[in-house]
Protein chains: 2
Amino acid sequence: MEKIVVMKFGGTSVGNVEKIKKVASRVIEKKHLGYNVVVVVSAPGDTTDDLIEKAFLISKNPDTRELDRLLSTGEQISISLLSMAIKEMGEKAISLTGAQVGIRTIGSHTKAKIKDISSEKIVKELNLGNIVIVAGFQGVDEKDDVTTLGRGGSDLTATALASVLKASECEIYTDVDGIYTTDPRLVKSAKKINKISYDEILEMASLGSQVMQARSIEVAKKNNIVIHVRSTFSKENGTFILEEDKEMENVLVSGVAFDKNQVKVSIFDLIDEPGVAAKIFEALASNDINIDMIVQSTANNGKNNISFTIDKTELNNLLNIIDKLKTKINIGTLKYDENVAKVSIIGVGMRSHTGVASKMFKILADNSINIHLISTSEIRISCVIDKDKLDIAVNAIHQGFNLDK
Amino acid sequence: MEKIVVMKFGGTSVGNVEKIKKVASRVIEKKHLGYNVVVVVSAPGDTTDDLIEKAFLISKNPDTRELDRLLSTGEQISISLLSMAIKEMGEKAISLTGAQVGIRTIGSHTKAKIKDISSEKIVKELNLGNIVIVAGFQGVDEKDDVTTLGRGGSDLTATALASVLKASECEIYTDVDGIYTTDPRLVKSAKKINKISYDEILEMASLGSQVMQARSIEVAKKNNIVIHVRSTFSKENGTFILEEDKEMENVLVSGVAFDKNQVKVSIFDLIDEPGVAAKIFEALASNDINIDMIVQSTANNGKNNISFTIDKTELNNLLNIIDKLKTKINIGTLKYDENVAKVSIIGVGMRSHTGVASKMFKILADNSINIHLISTSEIRISCVIDKDKLDIAVNAIHQGFNLDK
């Protein structure tokens, strides 16, 4: 069989009839290059948001089985219109829902996980000469009910299909022309990255950068599928995400990521008894609150202070949980600060080069920016700073590590 | 098992969130009366028309398999939103697509026929205490591809389900409060009919009246399912469609139907040879052109004149076919007249009463209305008249047969 390529188009790429026709041309070009083409499509434009709005007008807590059925209609519209457009241009095409492909899922509605994918139906249709158009974001559970895969679900469909089909490449078409060294809206000299490793992108995703969701990258990494993030509206290469190589290691820092939606939470005067901190973190974890950048220090009075960050959307939830805990254990005083932001540098080169962290701290100090909290991984350094200094910090770091060159 | 009722709601009844909530209340009321409730829903408001428009912007001749997938999304939206609304109000509900119910179809896409319906899944869900919400208008073919049932398809889903489930009643909810003796927009004194026979409704449907499609009525008649056509927005009884009884036979005429979209076609000077007329009608039939009210007469010169009516939408098609035929056989001169309309009276009472036809002709004559063509069945008399006289004709006939009393 010829080489298989998976092309994924997001909602903005199929937002109207003209755009759908452009996508159809693009897909046909690829087919004419000799590839077997599998296309994954998201729901058109704002369709999903409109449907969610309707559901929440009906119920504050809509039944998730019904919500999944509702949300799965957007992709069905995309795949049928795209298939029509391709056929109108004279190529053979067939659309398939997640259920028809055989994308079986487990787990709860609205955030199902892919259990397995049968390649049989797709391979059969490819062998018949068809361009195969698959509905992204959806599968079917053991009761044959439609399920959806949560945020970034169509990317996951694409990388998972590429893995099962042993595709030579998984192209993610979007409305930007690749992944940048940082957000170009904040730093004018931001540069498109030509290639970047899975691990670096995973760190960026975990920092909330507007790149692909971690789950999709993990699937591609595990199966060594090269992802190509590129623009629907340009023929230029975008950013290749792949296994790291020697060349990448020579780059100290690949990108600067930041997150404005962080809250710094501090608990003062925590009794220094074994298990008290554990009880707090257990309670937060069991309520699905992601905490990050935990720092514990011992105060003069022998009691502990603990600081950490959470996403802003979790704040109310956290305050409720702590209030309940207070009735059971003495946990001291809680304070939180919403005027903070997290800035991070990412790069596999850090593993083999020293002095990257101290350079970052010096750049911040040179710009009179105070660091509240620090956390690091093998290939990432993150600092929590005052939110009003974020703009200066990102620009200074971007320039300091020569990312604009 | 308790009595089963099938309630079908059309697109205008589920056109927005407020209306969906009203339908939910209505359905729950029925459940509280002790029924097992199965609901069939159409696509909301203009959804289907919008989708068709998009498809035709992409292709003048959209692939029908893809068109069926596209069109089937509207009902999926309706069933999930309605199910959410019912659950929000505290009742148990579950939505099912045609495929999930097991509505298997044969025949071509966009006009599939129901082959069989499995009652198993619905009965199981009813036994669990669920209100079962079924997507109208759709089924699934032997390839497990979604199919649609054509115009009036949701009514067909409802009557077919009522038949399979041996429902005590099939309620068709719509935006009018029943079936009228004639169109109230034309005749102000038109009255709602309380009950009418299957055969009468079948005649009305075949005349293009805005009632249910013939297929749905035929299914209900075969299985002796009482259909109740009523308003979504009123508690009043509407019109019951059922097996004829003695009482109905006492009514001479049940309704006056009319059709403004007719064209009278006449072929003059047709050679009086065996098989010439047959060739013409064969050619029309093989092109799916429905002809009606055929009248043949012999002219003075020994040649034949043939007149018949067709639907206006078929005119261009017919003219092309006749043009082609002309190259093969001598078929004389064709003329057509678009300024005609068909007016019909329907009533099972005609079978046992004489003089109905002559009374209709007299009413038309008294109003100086010329009759071009006449055709009759056991329970119907139709006349083709000048279109500009239709208004007078319908009002005069309606009054003449005391339908306003």
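Here, the structure is the one placed above.
Residues numbered from 1 in each chain as written. Chains lettered and ligands numbered in written order. Predicted model: local features only at pLDDT ≥ 70, side-chain atom pairs only at ≥ 80, totals over all residues. Heavy atoms only, no water.

> Before we go on, may I ask you to explain the pattern of salt bridges in this structure?
When the charged atoms of two side chains with opposite charge come close together, those side chains can pair. For the structure shown, the criterion picks out 38 salt bridges over all chains. A salt bridge links K121 of chain A to E125 of chain A; its shortest N-O distance comes to 3.3 Å. One end of the pair is K121 of chain A and the other is E125 of chain A, both in helix α5 (residues 120–127) and four residues apart, which spans about a single turn. By relative accessible area, K121 of chain A is classed as partly exposed at 25%. A salt bridge links E378 of chain B to R351 of chain B, with the shortest nitrogen-to-oxygen separation between them at 3.4 Å. Remark: R351 of chain B occurs in the loop between β18 (340–346) and α12 (356–366) and E378 of chain B occurs in the loop between β19 (371–377) and β20 (380–386); sequence separation between them is 27 residues. The structure contains a network of salt bridges with shared partners spanning D199, K221, E244, R351 and E378 of chain A. (Salt bridge = Lys/Arg side-chain N within 4 Å of Asp/Glu carboxyl O. Helix = DSSP H or I, 4+ residues; strand = E, 2+ residues; numbered from the N terminus. Buried < 20%, exposed > 50% of the residue type's maximum accessible area, 1.4 Å probe, protein only.)

> I tried to follow the relation of the copies chain B and chain A on my own but got confused; where do I start?
Between the two copies of this chain, the relationship is a rotation about some axis together with a displacement along it. With an RMSD of 0.1 Å, chain B superimposes on chain A once it is rotated by 180 degrees and translated 0.0 Å along the axis. A rotation of that kind, with that shift, is consistent with a two-fold axis. Minimal C-alpha separation from the rotation axis in chain B is found for T73 of chain B, amounting to 2.8 Å. Both copies present the same face, since 100% of the interface residues in chain B are matched by interface residues at the equivalent positions in chain A. (Least-squares fit on C-alpha atoms with pLDDT ≥ 70 in both. Contact = heavy atoms within 4.5 Å.)

> I'm lost on the packing of helix α7 (residues 198–206) of chain A against helix α8 (residues 214–223) of chain A in this one. Help?
Packed helices, taken two at a time, are described by the angle between their axes plus the distance between the axes. Residues and elements named next belong to chain A. In contact at an axis separation of 9 Å, α7 and α8 are set at 165 degrees when each is read in the N-to-C sense. Between α7 and α8, the angle is such that the two are roughly antiparallel. Once α7 is placed against α8, the crossing between them reads as left-handed. In this structure, α7 contributes Y198, D199, I201, L202 and A205 to the contact, and α8 contributes A214, I217, E218, A220 and K221. (Axes fitted to C-alpha atoms, helices over the stretch in contact; angles between N-to-C directions. Parallel < 35°, antiparallel > 145°, perpendicular 65-115°, else oblique. Left-handed = near helix turned anticlockwise from the far one by under 90°.)

> Looking at this structure, how should I read the packing of aromatic side chains?
Describing an aromatic ring pair means giving the distance of the ring centres and the angle of the ring planes. A full pass over the atoms with the stated rule returns four aromatic pairs over all chains. Judged by centre distance (5.7 Å) and plane angle (70 degrees), the ring pair of F281 of chain A and F308 of chain A falls under edge-to-face. You can see F281 of chain A sitting in helix α10 (residues 276–286) and its partner F308 of chain A sitting in strand β16 (residues 304–311), a full 27 residues away along the chain. Geometrically, the ring pair formed by F9 of chain B and Y173 of chain B is stacked, given 4.5 Å between the ring centres and 15 degrees between the ring planes. (Phe/Tyr/Trp six-rings, centres within 6.5 Å; stacked < 30°, edge-to-face > 60°.)

> When you look at the interface of chain B and chain A in this model, what are you seeing that I'm missing?
Bring the parts together and some accessible area is lost; that lost area is often taken as the interface size. If you look at the interface, chain B gives 36 residues, while chain A gives 36 residues. Interface area lost by chain B to chain A is led by I58, R69 and M84 of chain B, which between them contribute 24%. The interface formed by chain B and chain A contains two salt bridges. Residue D63 of chain A is joined to K87 of chain B by a salt bridge in which the shortest nitrogen-to-oxygen separation is 2.7 Å. Contributing elements (two or more residues each) for the side of chain B that touches chain A: α1 (17–32), α2 (47–58), α3 (64–88) and β3 (93–96) of chain B. Here the element with the most residues in the side of chain B that touches chain A is α3 of chain B; it accounts for 17 residues. (Buried area = accessible area lost by both parts, 1.4 Å probe.)

> Help me out: how do you make sense of the sheet that holds β3 of chain B in this one?
What holds strands together in a sheet is hydrogen bonding between their backbones, with the strands either parallel or antiparallel. All names here are of chain B. Strand order in the open sheet formed by eight strands is β3-β6-β2-β1-β9-β11-β12-β10, and the pairing between neighbours is mixed. A single partner strand is all that each edge strand has here, and the edge strands are β3 and β10 (195–197). Each neighbouring strand pair of the sheet contributes to a mean axis angle of 20 degrees, computed without reference to strand direction. The pairing of strand β11 (residues 227–231) with strand β12 (residues 239–242) spans three bridges and is classified as antiparallel. Across the sheet, V229 pairs through a bridge with T239, a residue of β12. (Pairing = 2+ DSSP bridges.)

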